[in-house]
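Remarks on the overall topology
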Amino acid sequence: MKLIISSDKSPYRNLATEEFLLKNSMEDYIFIYINQPCVVVGKHQIAVKEINSVYNFNNKILIARRLSGGGAVYHDEGNLNLSFIQTVKSGESISYQLITQSIYNFLKITGIDVSISDRNDFIVSERKISGSAMHVYKNRVMAHCTLLIDSNLENLSNSLKGHPERYTDKSINSHRSKVLNLAEVDRKLTTRLIIKKFTEFLGTQMADLEINTLPEYTDDPINQLYINKYTTTDWIYGYSPKYLYSHRIYDHQGNIDFVLDVEKGKIKKISIESKDEINTDITLLFNTLTNQGHNIESIIRWLETGAKKENNHEYLDLLF
């Protein structure tokens, strides 16, 4: 078993590293990393549905999509990510036991009174400290989890406050739970200390444990994944299932209902209806949204180049 501790806090780089280690090696790895503030959505989710786009943009919280399924999670420097990547031998079952047992044992030894829910979440004082997800590739499996140590819980809460009621779709929805930082249980606990203690614990459990660094390549394939996949709008937003986004504008001339028909992250069709006289300016404005990406970066460019309105924030709130 090889242990790799990332020195990079880019969620895109770390997610690319996970995929590379899963698909391009037969070695068994434990990959530990910390990301800068970001929301990471599950592979089959609608990113804009799961997040508060305006809050995240204003607070420089990045949006990323991972290879595994499950729900959206918030990461920052107070949140540790543990990824177990292994080859599964013929006849062996694939389960979350890859991550649950070793982390559960470690937390118990550390003095944390932890239990495991039926959703494979770690629970302390009836609140969630960790969530997990898994992805299988041929005879390889990646099972990874988060561990809340001293995360910004205000950012965590606000970054995930989207408007799911505005969406009509068949995507995987996140399951919201009350959360807890381990530092609330023991103030001495920090991400650095947990990494140190967990590394020592693994050394006592695995005689073959090797502490490694990432391999170096002249033409770095991890960097290619990072640039060509994980940082792209096509992956972050475009991989989403198709959906309808519905909302209402309260205009001085009357209420206007509009529906965005979104496919592969782009607005393909816009329907505008009203029982009152429709404001022509608003109709013309919203019709220019066709073929725009339904994500805050694209919408801000649209506002700056086409809409040229002073109340940009109001339009952002309407569209997410």
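The following refers to the structure shown.

Rules of the game
Residues numbered from 1 in each chain as written. Predicted model: local features only at pLDDT ≥ 70, side-chain atom pairs only at ≥ 80, totals over all residues. Heavy atoms only, no water. Pairing = 2+ DSSP bridges. Helix = DSSP H or I, 4+ residues; strand = E, 2+ residues; numbered from the N terminus. Buried < 20%, exposed > 50% of the residue type's maximum accessible area, 1.4 Å probe, protein only. Contact = heavy atoms within 4.5 Å. Polar contact = N/O pair within 3.5 Å; in protein donor to acceptor, adjacent residues only side chain to side chain. Core = buried A, V, L, I, M, F, W, Y, C linked by side-chain atoms within 4.5 Å. Axes fitted to C-alpha atoms, helices over the stretch in contact; angles between N-to-C directions. Right-handed = clockwise from strand over helix to strand, strands pointing away. Salt bridge = Lys/Arg side-chain N within 4 Å of Asp/Glu carboxyl O. Arc of directions from axis to C-beta.

1. Here we look at the sheet that holds strand β7 (residues 115–116)
Pairing in this open sheet of 3 strands is antiparallel, and the strands run β7-β8-β9 from one edge to the other. The sheet is open, and its two borders are formed by β7 and β9 (127–130), each paired with just one other strand. Judged from the 2 bridges that link them, β7 and strand β8 (residues 122–124) form a sheet pairing that is antiparallel. Of the residues in β8, the one forming a bridge with S115 is I123.

2. Brief notes about the environment of S68
By secondary structure assignment, the location of S68 is in the loop between β4 (62–65) and β5 (73–75). By relative accessible area, S68 is classed as buried at 0%. For the pair formed by S68 and V136, sequence separation is 68 residues and the distance between their alpha carbons is 8.4 Å. Once residues lying within four places of it in the same chain are set aside, the contact partners of S68 are G42, K43, A133, M134, H135, M142 and H144. Separated by 2.9 Å, the side chains of S68 and R66 make a polar contact. Within polar-contact distance, the side chain of S68 engages the side chain of H144 at 2.6 Å.

3. A few points about the nonpolar core
It is characteristic of soluble globular proteins that their nonpolar side chains tend to be buried jointly. The biggest cluster of nonpolar side chains holds 60 residues, and the ones touching the most others in it are V39, L260, F286, L289, I299, L316 and L319. The contact partners of I299, leaving out residues within four places of it in the chain, are L289, G293, L316, L319 and F320. Within the second largest apolar cluster, 31 residues are counted, among which are M1, L80, F201 and L202.

4. Section: the sheet that holds β5
Here 3 strands make up an open sheet; going across it, the order is β4-β3-β5 and the pairing mixed. The open sheet has two edge strands with one neighbour each: β4 and β5. Each strand axis lies, on average, 30 degrees off the axis of its neighbour in the sheet, ignoring direction. In terms of strand pairing, strand β3 (residues 38–41) meets β5 through 3 bridges, oriented antiparallel. Bridged to V39 within β5 is Y74. Sheet strands touched by helix α1 (residues 11–23): β3 and β4. Its angle to β4, the strand with the most contacts, is close to 15 degrees.

5. Points about the pairing of strand β1 (residues 2–5)
Every regular strand shows the same layout, with side chains that alternate between the two sheet faces. When β1 meets strand β2 (residues 29–33), the two strands line up parallel, connected through 4 bridges. Across the sheet, residue K2 finds its bridge partner in β2, namely Y29. In this region the chain leaves β1, passes through α1 and returns to the parallel neighbour β2; the handedness of that crossover is right-handed. In this sheet, strand β13 (residues 210–212) lies alongside β1 in parallel orientation, the contact comprising 3 bridges. Bridge pairing links L3 to I211 in β13.

6. Considerations on the pattern of salt bridges
With the rule as written, the count across this model stands at 12 salt bridges. Of the charged contacts in the structure, one is a salt bridge between E19 and K229, with a shortest N-O distance of 2.9 Å. Placement of E19 in helix α1 and of K229 in helix α7 (residues 221–230) is noted, with a sequence separation of 210 residues between them. Across this residue pair, the class does not change: E19 and K229 are buried. For K196, the salt bridge goes to E200, with nearest N and O atoms at 2.8 Å. Residue K196 and its partner E200 are both found in helix α6 (residues 191–205); the two are separated by 4 residues, about one turn of the helix. The class for K196 is partly exposed, based on a relative accessible area of 49%. Members of the salt-bridge network, linked through shared partners, are E19, K23 and K229.

7. Observations concerning α7
Those residues of α7 that fall on the buried side of the exposure criterion are I222, L225, K229 and Y230. Each buried residue of α7 sits inside an arc of 65 degrees when the element is viewed along its axis, so together they form one side. Packing partners of the buried residues in α7 comprise α1, β4 and α8 (233–236).

8. With respect to the side chain of S171
Within the secondary structure, S171 sits in the loop between β12 (167–168) and α6. For S171, a relative accessible area of 11% translates into the label buried. One polar contact links S171 to D169, side chain to side chain, over a distance of 2.6 Å. Those residues in contact with S171 that sit more than four places away from it in its chain are H44, I46, K49 and P241.

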